[in-house]
Amino acid sequence: MVAQEKGSPLPTWQEGMLDIHHINTGRGDAAFCIFPDGTTLLIDAGDMSESHTRTLSARNAKAMPDSSKSPPEWIVDYIEMFNPEKKGAYLDYALITHYHDDHFGEIDSLRKKAKGGYLLTGIMEVGTLLPVKKLLDRGFDYPIDLKDLSVQVQKRFSEDPYGMVSTLKEYWKFIEYTSISHGLVNETLHAGRNDQIILNYGPEKFPNFEVRNIAVNGIIWTGENQDTFALFNKNEYGGENPLSACIKISYGDFDYFTGGDISGVDRFGAADMDSMESNIAPVVGRVDVATLNHHGNRDSQNAIYVRTIRPRVWVQQNWSSDHPGERDIFSTVLLKPNIDVLGDQADQYKSQNGHIVIRVHEDGNTYEVIILDDADVNRQIVAKYGPYVSR
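Residues numbered from 1 in each chain as written. Predicted model: local features only at pLDDT ≥ 70, side-chain atom pairs only at ≥ 80, totals over all residues. Heavy atoms only, no water.

## Brief notes about the side chain of Asn-213
Consideration 1: Summarising the element assignment, Asn-213 is placed in strand 7 (residues 209-216).
Consideration 2: On the basis of relative accessible area, Asn-213 is assigned to the buried category, the value being 1%.
Consideration 3: At 2.9 Å, the side chain of Asn-213 forms a polar contact with the backbone oxygen of His-190.
Consideration 4: Apart from the residues within four sequence positions on either side, Asn-213 is in contact with Leu-189, His-190, Ala-191, Gly-192, Arg-193, Gln-196, Trp-221, Cys-246 and Ile-247. (Helix = DSSP H or I, 4+ residues; strand = E, 2+ residues; numbered from the N terminus. Buried < 20%, exposed > 50% of the residue type's maximum accessible area, 1.4 Å probe, protein only. Polar contact = N/O pair within 3.5 Å; in protein donor to acceptor, adjacent residues only side chain to side chain. Contact = heavy atoms within 4.5 Å.)

## Focus: the packing of helix 2 (residues 71-82) against helix 4 (residues 122-129)
Consideration 1: Packing of helix 2 against helix 4 leaves a shortest axis separation of 8 Å and a crossing angle of 45°. Viewed along their axes, helix 2 and helix 4 adopt a mutual orientation that is oblique. Every pair of crossing elements has a handedness; the one defined by helix 2 and helix 4 is right-handed. Facing Pro-72, Glu-73, Ile-75 and Val-76 of helix 2, the residues of helix 4 in contact are Gly-122, Glu-125, Val-126 and Leu-129. (Axes fitted to C-alpha atoms, helices over the stretch in contact; angles between N-to-C directions. Parallel < 35°, antiparallel > 145°, perpendicular 65-115°, else oblique. Left-handed = near helix turned anticlockwise from the far one by under 90°.)

## Here's the deal with the pattern of salt bridges
Consideration 1: Taken as a whole and judged by the stated rule, the model has 17 salt bridges.
Consideration 2: When the shortest N-O distance is used, the salt bridge between Arg-111 and Asp-108 registers 3.7 Å.
Consideration 3: A salt bridge links Arg-138 to Glu-240; its shortest N-O distance comes to 2.7 Å. Of this pair, Arg-138 sits in the loop between strand 5 (132-137) and helix 5 (149-152) while Glu-240 is found in the loop between strand 9 (228-230) and strand 10 (246-251), placing the two residues 102 residues apart along the sequence.
Consideration 4: Judged by relative accessible area, Arg-138 falls into the buried class, the value being 1%.
Consideration 5: Linked by salt bridges that have partners in common, Glu-5, Glu-368 and Lys-384 make up one network. (Salt bridge = Lys/Arg side-chain N within 4 Å of Asp/Glu carboxyl O.)

## Structural notes on the sheet that holds strand 1 (residues 18-22)
Consideration 1: Spatially, 6-5-4-3-2-1-16-17-18 is the arrangement adopted by the 9 strands of the open sheet, whose pairing is mixed. Of all strands in the sheet, those with a lone pairing partner are strand 6 (185-188) and strand 18 (381-389), marking the two edges. Strand-to-strand twist across the sheet, computed as the mean angle between neighbouring axes with direction ignored, equals 15°. (Pairing = 2+ DSSP bridges.)

## Digging into the nonpolar core
Generally speaking, nonpolar side chains in soluble globular proteins are found buried as a group.
Consideration 1: Ranked by size, the top nonpolar core spans 48 residues in total, and within it Leu-42, Tyr-99, Ile-123, Leu-135, Leu-168 and Tyr-171 carry the most contacts.
Consideration 2: When residues of this core are traced back to their parent elements, those giving at least two are strand 2 (31-34), helix 2, strand 4 (91-95), helix 4, strand 5, helix 7 (164-181) and strand 17 (366-372).
Consideration 3: When residues in this core are grouped by element, the largest group, 7 residues, is from helix 7.
Consideration 4: Counting residues in each nonpolar core, the second largest holds 37 residues, with Leu-41, Leu-189, Val-211 and Val-360 among its members. (Core = buried A, V, L, I, M, F, W, Y, C linked by side-chain atoms within 4.5 Å.)

## Focus: helix 7
Consideration 1: A rise of 1.5 Å per residue sets the reference length of helix 7, with its 18 residues, at 26 Å; its end C-alpha atoms lie 25 Å apart and thus fit the reference within 8%.
Consideration 2: Along helix 7, the residues classified as buried are Met-164, Val-165, Thr-167, Leu-168, Glu-170, Tyr-171, Trp-172, Phe-174, Ile-175 and Thr-178.
Consideration 3: Residues of helix 7 that are buried make contact with helix 3 (101-104), helix 4, strand 5, helix 5, helix 6 (155-158) and strand 6.
Consideration 4: One or two steps after helix 7, the chain reaches Gly-183, where phi turns positive at roughly 75°. (Expected span 1.5 Å × (residues − 1).)

## Some points on the packing of helix 4 against helix 7
Consideration 1: Where helix 4 meets helix 7, the axes come as close as 9 Å, and the angle between the chain directions of the two elements is 20°. The pairing of helix 4 with helix 7 is recorded here as roughly parallel in orientation. In terms of crossing hand, the pair formed by helix 4 and helix 7 is left-handed. Where helix 4 approaches helix 7, its residues Ile-123, Met-124, Gly-127 and Thr-128 are matched on the opposing element by Thr-167, Glu-170, Tyr-171 and Phe-174.
Consideration 2: Each residue belonging to the contact of helix 4 with helix 7 can be placed in one class, and the counts come to 4 nonpolar, 3 polar and 1 charged. (Nonpolar A, V, L, I, M, F, W, Y, C, P; charged D, E, K, R; others polar.)

So, in structure tokens, the structure goes:
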């Protein structure tokens, strides 16, 4: 940690830097990326309903920095604070990894209605306040057709207490309205491709930068060309988590992987050889920084996966005391029950609370981990780690 920087603002992003901000609202995942040429990407916009007992219980994190704004409003507030000045008030890309409340939002009776007739939650509220040019998600028709009424009335969806299908219906309204009003482009993420999220403002300056789609909907890149293979058959649906969109961001020697809520540990605690983690590990390869899959839950980070990707830094995007189960681990929030259970093992965490910024320097040779105060709107530096040398 560099002591003299504690309590000071985060130095402004400069062209040539790659910044990845893991934003803590206490209500789900949100990661804001600024690419070397100023292109921006938001990965997820979690917004769990305040009408659920679990959201407000001691089991869950508190709303951060406070409840004076909704989580999406705080996400937008954060982005506007750090968005490159030349960009103006919009996002180039947003990616929704899968359709769970802590990743894309959840409707309830407390939500306000937008001008477009949809309810405001998660990415819908973010995209209303801060227009998005291209919105990517896992699509709606594979492995099951979520727009099919016969699917929507199935018990697993009709009795879902978190209303995934109901929220999706608002999401579809949002997409339809903003496509007309703001020119939003909605695309399904396709595994294997490296041309769906690209540098928009100076790709020729940074030929060593790439965003590669590793997996989505259980379809996995083979590592060659844009070839893929599928783990699941059509109409085979085992829930949203294994369908999560997974991407790898590379800049020179630096590599970052984020895999949504995929898992790899079976009910007996052993590595599941047929899991997403086991299958994507050889394709992802060794990286410098990775987010803990499924928030670090006990069904994730199997031995095969961890030994293969071997990141120097793990980032835990956390909101519950269920999370988590010789590396540096940084958590957006570590709750008291976690610390009680972990005991001395909690000392493995370099940081237990705060926004986590991965700042990669020009050409991707070195990077730092910077912790920002998540309890204050000034978001000043709490701690700084590194520089680390990219692999």
